[in-house]
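So the chains spell out like this:
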Amino acid sequence: MYTVSLGLRMFSDPSAVIDWGAMFAMATLSLLPQLVIFLFFRRFLVQGIATTGIKG
């Protein structure tokens with residue numbers, strides 16, 4: 001059980017040829033959950049930023 005960043009780092013072996021296609025695929029798949037959460041909560045984030053400057 002490793003974190004995603006550590007797993008990506010262990011995937012690249014300095015003594016061997018790096019499979020860049022698989023590396024980019026793993027990086028993309030590791031970003032998808034964060035992107036989905038951001039897109040789902042974007043409305044609340046913008047609403048919170050917009051109402052921060054209102055006094056009263």
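Residues numbered from 1 in each chain as written. Predicted model: local features only at pLDDT ≥ 70, side-chain atom pairs only at ≥ 80, totals over all residues. Heavy atoms only, no water.

Focus: the packing of helix H1 (residues 4-11) against helix H2 (residues 20-52)
To keep it simple, the criterion reads: Only the stretch in contact is used when a helix axis is fitted, and all axes are lines through C-alpha atoms; the angle between N-to-C directions ranges over 0 to 180 degrees. Starting at the N terminus, helices and strands are each numbered in turn, a helix being any DSSP run of H or I of at least four residues and a strand any DSSP run of E of at least two. In these notes the angle categories are as follows: under 35 degrees is roughly parallel, over 145 is roughly antiparallel, 65 to 115 is roughly perpendicular, and the rest is oblique. By definition, residues are in contact when any of their heavy atoms lie within 4.5 Å. In this classification, Asp, Glu, Lys and Arg are treated as charged, Ala, Val, Leu, Ile, Met, Phe, Trp, Tyr, Cys and Pro as nonpolar, and every other residue, Gly included, as polar.
The interhelical angle for the contact between H1 and H2, taken along N-to-C directions, is 180°, at an axis separation of 10 Å. When the interaxial angle is binned, H1 and H2 end up roughly antiparallel. Of the residues in H2, those in contact with Val4, Gly7, Leu8 and Phe11 of H1 are Ala22, Met23, Met26, Ala27 and Ser30. Of the residues in the contact of H1 with H2, the class split is seven nonpolar, two polar and no charged.

Overview of the environment of threonine 52
Applied cut-off: Type-normalised accessible area, obtained with a 1.4 Å probe on protein chains alone, sets the label of each residue: buried when under 20%, exposed when over 50%, and partly exposed for intermediate values. Under this definition, polar contacts are N or O atom pairs within 3.5 Å; protein pairs additionally need one hydrogen-donor-capable and one acceptor-capable atom, and for neighbouring residues in sequence, both atoms have to be side-chain atoms.
Along the chain, threonine 52 falls in helix H2. Residue threonine 52 is classed as exposed on the basis of its relative accessible area, which comes to 62%. There is a polar contact of 2.5 Å between the side chain of threonine 52 and the backbone oxygen of glycine 48.

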